[in-house]
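Residue strings, one per chain:
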Amino acid sequence: MLTIASRFRAVFDSAEALGTPPKAVRIAAQGAGRPRLICFPALSALSGPHEYTRFGLDLQGLRPVSVLPHPGFLPRERLPATLDAFVAAQAAAVLADADDEPFALLGRSAGGWVAHAVAEHLERAGVGPAAVVLIDTYPGSSGSGSGSGSGSDGAALSAMTAGMLDRAARFASAETDRLTAMAGYLELFSGWQPAALSAPTLFVRAGDGLPGTEPPTPWSLPHSEITVPGDHFTVLEDHARTTALAVHTWLTDRL
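Residues numbered from 1 in each chain as written. Predicted model: local features only at pLDDT ≥ 70, side-chain atom pairs only at ≥ 80, totals over all residues. Heavy atoms only, no water.

### Section: the pattern of salt bridges
Two side chains that carry opposite charge are able to pair once their charged atoms sit near each other. For the structure shown, the criterion picks out 10 salt bridges. Notably, a salt bridge pairs Asp-58 with Arg-241, separated by 3.6 Å at the nearest N-O pair. In this pair, Asp-58 is assigned in helix H3 (residues 53–59) and Arg-241 in helix H8 (residues 240–254), connecting sequence segments 183 residues apart. The exposure class assigned to Arg-241 is partly exposed, which follows from its relative accessible area of 49%. Arg-124 is paired through a salt bridge with Glu-120; the nearest N and O atoms lie 4.0 Å apart. (Salt bridge = Lys/Arg side-chain N within 4 Å of Asp/Glu carboxyl O. Helix = DSSP H or I, 4+ residues; strand = E, 2+ residues; numbered from the N terminus. Buried < 20%, exposed > 50% of the residue type's maximum accessible area, 1.4 Å probe, protein only.)

See the structure below:
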């Protein structure tokens, strides 16, 4: 029902049609570390720049960090009509935020799909990121980005949905715009296949699984991997500091 409802939303069919690209939210403004980190939220109804608040605070003074919101989650915002339009818009927003400085892209959960897809786009344009960081990003069924995984990934996606709804019940109600945006973005990424990148990729795996699930399918493309304390949600909540410092250390050592 949400997917059908999302198809009635106003849309933009190109980055140019959107106009001004999404404006980054700076969550760690100071720090000599480079590259700067540009983060993408997950694609759930409760996602947004706020999910990186603790992560950014723990990197304050170490490395600049910003978050790019996805268009369509707020009232009167349009959704992208195609995956290409969305990726092009976010790529333009990345370049505007980077301001000619070296940058790395980071995404948690399905935000990792966005980080990887934007990295592909920017590499084709000759302005790719210095690195890509995926925080507990599930590849989905057969390595695709569809939200309809099977087997262990399908169970994990169900558990993630349950966790999201639990948080919604405890903290805030998800508005209709957010729910239809989530459904619209999951449909956009249905069948998406990530391609190999020139940039080094770090996969940050949550050490604790979600209840009733098996470990997710490994990220299929070349990458480095570290495991941090916490589960799919708490790696950026109770354990945000450990996660932030692990990412910072890898970027410092690798680049």
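Right, picking up where we left off after that structure.
### A word on the nonpolar core
Within the largest apolar cluster, 34 residues are counted, with the highest numbers of intra-cluster contacts made by Phe-40, Val-94, Leu-105, Val-118 and Phe-189. At the level of elements, strand E3 (36–40), helix H4 (83–98), strand E6 (103–108), helix H5 (111–124), strand E7 (131–135) and helix H7 (176–188) are the ones that each hand at least two residues to this core. Contact partners of Leu-105, with chain neighbours within four places excluded, come to Ile-38, Phe-40, Val-94, Ala-115, Val-118, Ala-119, Leu-122, Pro-129, Ala-131, Val-132 and Val-133. Counting residues in each nonpolar core, the second largest holds 24 residues, with Ala-28, Tyr-52, Val-65 and Ala-206 among its members. (Core = buried A, V, L, I, M, F, W, Y, C linked by side-chain atoms within 4.5 Å. Contact = heavy atoms within 4.5 Å.)

### Brief notes about the environment of Ala-29
Here Ala-29 shows up in the loop between strand E2 (25–28) and E3. Taking relative accessible area as the criterion, Ala-29 reaches 52% and is therefore assigned exposed.

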